[in-house]
Amino acid sequence: MTEETRTAYALALCFRLLEGDAERAEAGRRLAAPVAERGHRIGTGFLGTPLVCDALAGTGHVDTAYRLLTQRACPSWLYQVDMGATTVWERWDSMLPDGSVNPGEMTSFNHYALGAVADWMHRTVAGLAPAEPGYRRLLVRPRPGGGPTWARAEHETPYGRAGAGWSREGDRLRVDVVVPPDVTALVDLPGAEPVEAGPGRHTFYAPFPATARWRPCAPPTAVPEPVQGTRI
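Residues numbered from 1 in each chain as written. Predicted model: local features only at pLDDT ≥ 70, side-chain atom pairs only at ≥ 80, totals over all residues. Heavy atoms only, no water.

1. Observations regarding the confidence of the model for the protein chain
To be explicit about the condition: Within a predicted model, pLDDT stands for the predictor's per-residue confidence, ranging from 0 to 100. Two residues qualify as a contact provided that any one of their heavy atoms is within 4.5 Å of a heavy atom in the partner residue.
Per-residue pLDDT for the protein chain has a mean of 89; in total, 91% of the residues score no lower than 70. Overall, residues 212–232 carries pLDDT values under 50, and its contacts beyond four positions in sequence, including any with other chains, amount to 67 contacts.

2. Examining the nonpolar core
The criterion, for reference: Each nonpolar core is a collection of buried residues, namely Ala, Val, Leu, Ile, Met, Phe, Trp, Tyr and Cys, held together in the definition by side-chain atoms within 4.5 Å. Think of it in three bands: with a 1.4 Å probe and only protein chains considered, a residue is buried below 20% of the maximum accessible area for its type, exposed above 50%, and partly exposed in between. Helix and strand assignments follow DSSP, with helices taken as H or I runs no shorter than four residues and strands as E runs no shorter than two, numbered in order from the N terminus.
Membership of the largest hydrophobic core comes to 51 residues, with the highest contact counts inside it found for Cys53, Leu68, Trp77 and Trp120. For this core, the element with the highest residue contribution is helix 3 (residues 49–58), accounting for 6 residues. Residues contacting Trp120, with those up to four places away along its chain left out, are Cys53, Asp54, Ala57, Ala65, Tyr66, Leu69 and Val125.

3. Regarding the pattern of salt bridges
Threshold: For salt bridges, the criterion is a side-chain nitrogen of Lys or Arg within 4 Å of an Asp or Glu carboxyl oxygen.
For the coordinates displayed, the defined rule picks out 15 salt bridges. Residues Arg29 and Glu26 are paired through a salt bridge, measuring 2.8 Å at the closest nitrogen-oxygen approach. Of the two residues, Arg29 and Glu26 both sit in helix 2 (residues 20–37), 3 residues apart, roughly one turn of that helix. Assessed through its relative accessible area of 44%, Arg29 is described here as partly exposed.

4. With respect to unusual backbone geometry
Residue Pro75 follows Cys74 across a cis peptide bond; omega there is 0°. As for its placement among the helices and strands, Pro75 is situated in the loop between helix 4 (62–70) and helix 5 (77–82). One non-glycine residue, Met106, lies in positive phi territory at about 60°. In this structure, Met106 sits in the loop between helix 5 and helix 6 (117–126).

Quick look at the structure:
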């Protein structure tokens, strides 16, 4: 990369501008290293923030992505929560640690862009995503990491409520799935073969992963090839 920045590597990885597993693995390493060196504080803006956790997790650095998500020191998402935020700010320090408003420009306290990580939280932390437009088919693919012991998400689809949630039970991963009527789901758990699930409530088990690795970076638009707590 001509620009050795986290945003540059996140964009290259998630838009598949790199060829071959070796190049992608090296780019993932070059992305993860400065994230760790900076103490897992966020270092991206409007372009890189929606993609950085996907780029890390998609190259095998799942725990690094989780540590980035759960960092509490500024700049971070949880710094804003600790400062009393109920919406995501336009800049990481729109409110300063002493409680005063940042005197600089761009100090909106209700700005979506930096909150785009919520998409990754739904798809990867909780594991609920559309596999086809309109949620006619679901993809349930949670990838635990970084310390949380449970997560869940729900979504009101045109066919009814869909849900996915997981919890750690010793060395096992328990996944509970709700599939609306007239909908099917592909359930892809770490360390297990993908299985199909029809309408109704289902529970699946798999070994709880020490580290999860998988390929997709962008949200899936079709069925993929087989291959403590956060509530969303």
